[in-house]
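As a plain string of letters, each chain reads:
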Amino acid sequence: MNPLELTLGIMTAVGGFVDISELVFAAKAGSMFGYALIWVFALSTGGIMVFGEMSGRVAAVAKQPVFNLMRHRLGLKLGLITLFASLIANLITCAAEVGGVALILRYLTGAPYALMAIVGTAVLMASMWVLPFKWIERIYGLLGLFMLAFIAALVAIHAPWGKIAGGFVPQIPHGLSTKELLVFAYFAVAIVSAVMFPYEAYFYSSGGIEESWGPEDLPMNKITCTVGFGLGSLLSIAILASSAQLFGPANVGPELLGSSALEVAIPFGWVGLLIALLGMLFAISGAAIETCMANAYSISQFFGWEWGRHRKPWDAPRFTVTWIVLFLAALAIILTGVDPMQLVEYAVLFSILVLPLTYLPLLLLAGDKSYMKDHANGRFGKALGWFYFALITLAALGALPLYFLTSGGQG
Amino acid sequence: MTPSGPLKVVSQLLDLPLIDCNGNYCGIVDDVAFTGGAGKDARLDALLVGPGAYRGRMPRWAMWLVAKVAGDRITRVPMAKVKSIGSAVELTAAAEKLGLHNAEDRVRKHIPRVGAM
């Protein structure tokens, strides 16, 4: 295992972990419920570690990405339903990320939002055209490390570490009305969805194939998933905790994406604001590329086309056309004038509905000895996998009722 | 698994990706064709690749939609061209020779060969 590769892999996972949904829901959760939802972030991070590791392991051992094997496992009809559902979920998520990029560019430049959406999408598409996979992953992941400013800000505001540590214990706050309890439950479901977005597994496993992983890369896969995703999740928790400390007591509801950046601006001034906005820009840009690529990967793998950005765009022509069309579709959604924050709500809602369909085949594949041989899930892996599958199924069943009962978390 | 030995068509062959002798993806096993007849041993004759091979595996209305969007071409890959069957089906010939890269080649013509690292 090359230590430099490992370090870069971990840093990339940290910088690439946070996306617009986590930013929005972490800040809102902190201001509304203090530290009481930290445990949900921690619990669902365990879930993405477990399924991320499985998807990387399947790619390294079976040498096939998840969606190729998913069709073989589910068959054509159920496979097509899964493909269609995940395409919609990922496209909405991609549009939300493109909207997020446009909002931050607007904060930074003052230029019109629609223009920034076009410019932002053009830059993202250009970087996907020009850069090979490893560079795309590393550049956006590493520049996303500007987000570490949120942890520095939490330290600088003298956070109540005892209360934050207490937030890791599963709890439901006392004294909430029925309505508030429903909102709390909605936020818990939304956080599970935002942390375990289905595109992450597709992207991660396809990335393993792009980088030609083999069984010798399994230790790196495990460390990247646990340490990288774990540290990445701490960023989200820092955003939540700062919001609980700064916004909650002042009854400020961070409804706008830019509100999160104020968490860094308060202790560090305009320099902090700039660093936070840059971190958010690169993290959300990376997520936009990941969601778009995840969709292009899924379609190409489902139909057996050439795919991947380790190849030149003309060497995987239908894959190339697919990601271009998907980026343009995401931009078109944004240019209709729909509020990106509303798209975040839809992305989270639709993704949680798709999650069980996404993760069940992965769980079955990773436990299948005919594909995985000695690297199939052991008892502990199976138990963890089924525990998280039960959790996301429960969350999926509760998502729609909670969305309507709480008017999308508004209470 | 060897292509000449016994195998479970649905669980071990259908919907697996095809990889040609150059390591390129070139389709999915969408259906299979048998030789033989009543009272005779059934033997796998060819793999069928392409949206036309979905017929019989999908409802009629869905097949109509597939044909409108993707066409209904079928490419036959003789079993003699199959090298091995595992998590993918490996072929002994190049995708171009088997007619499996026609769509990729058509699209490729429209993609400019500039700027990519």
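Note that the coordinates shown come from a computational prediction; the quantities given were computed from them, not determined experimentally.

Engineer: Explain the confidence of the model for chain B to me, using residue names and the numbers behind them.
Structural biologist: On average, residues of chain B carry a pLDDT of 87, and 93% of them reach 70 or more. Across the interface, the model reports ipTM at 0.91; the global pTM reads 0.93.

Engineer: Please give an account of the sheet that holds strand S3 (residues 31-35) of chain B that cites residues and values.
Structural biologist: For sheets, the rule is that strands pair by backbone hydrogen bonds, running either parallel or antiparallel. Residues and elements named next belong to chain B. Within the open sheet, the three strands sit side by side as S3-S4-S5. Their pairing is antiparallel. Looking at strand neighbours, the two that pair on one side only are S3 and strand S5 (75-78), the edges of this open sheet. Between one strand and the next, the sheet's axes are offset by a mean angle of 35°, whatever the strand orientation.

Engineer: Give a description of the nonpolar core that names residues and reports values.
Structural biologist: Side chains of a nonpolar character, in soluble globular proteins, are inclined to be buried together. Residue and element names in this part refer to chain A. Within the largest apolar cluster, 166 residues are counted, with the highest numbers of intra-cluster contacts made by Leu37, Phe187 and Ile191. If you tally residues by element for this core, the top one is helix H12 (residues 257-303), at 24 residues. Leave out the neighbours within four places in its chain, and Phe187 touches Phe25, Ala29, Phe33, Leu37 and Gly409.

Engineer: Can you lay out the interface of chain A and chain B for me, pointing to particular residues and giving the numbers?
Structural biologist: Counting from both sides, the interface comprises 27 residues of chain A and, opposite them, 23 residues of chain B. Mapped by element, the contributors of at least two residues to the side of chain A that touches chain B are helix H4 (66-109), helix H5 (113-130) and helix H13 (317-335) of chain A. Per element, the largest residue contribution to the side of chain A that touches chain B is seven residues, and it comes from H4 of chain A. For the side of chain A that touches chain B, the class distribution of residues is 15 nonpolar, six polar and six charged.

Engineer: Just give me the short version of unusual backbone geometry, but keep the residues and values in it.
Structural biologist: One non-glycine residue, Ser407 of chain A, adopts positive backbone phi at about 50°. Secondary-structure assignment places Ser407 of chain A in the segment after helix H16 (379-405). Residues other than glycine seldom take positive phi values, yet Asp15 of chain B does so here, at roughly 70°. Checked against the element boundaries, Asp15 of chain B lands in the loop between helix H1 (9-12) and strand S1 (17-19). Asp15 of chain B gets classed as buried once you count the C-beta atoms within 10 Å, which come to 23.

Conventions we followed
- Within each chain, residue numbers correspond to sequence positions counted from 1 in written order.
- By the order in which they are written, chains take letters starting at A while ligands take numbers starting at 1.
- Residues qualify for local features only when their pLDDT is at least 70, as the model is predicted, and side-chain atom pairs are given and counted only at 80 or more; totals for whole chains, interfaces and linings, by contrast, use all residues.
- Known as pLDDT, the predictor's confidence for each residue is given on a scale from 0 to 100.
- At least two bridges found by DSSP between two strands are what make those strands a pair.
- Only DSSP runs of H or I reaching four residues or more are called helices, and only runs of E reaching two or more are called strands; each is numbered from the N terminus.
- Helix axes use the C-alpha atoms of the stretch in contact, all axes being lines fitted to C-alpha atoms, and the angles between their N-to-C directions lie in the range 0 to 180 degrees.
- In this usage, the nonpolar core is the set of buried Ala, Val, Leu, Ile, Met, Phe, Trp, Tyr and Cys residues whose C-beta atoms join them within 7 Å.
- The exposure label follows from counting other C-beta atoms within 10 Å of a residue's C-beta, where the C-beta atoms are placed from the backbone and the thresholds are 20 or more for buried and 12 or fewer for exposed, leaving partly exposed in between.
- C-beta atoms are first placed from the backbone for all residues, and any pair lying within 7 Å is then listed as a contact.
- All amino acids are sorted into three groups, where Ala, Val, Leu, Ile, Met, Phe, Trp, Tyr, Cys and Pro are nonpolar, Asp, Glu, Lys and Arg are charged, and the leftover types, Gly among them, are polar.

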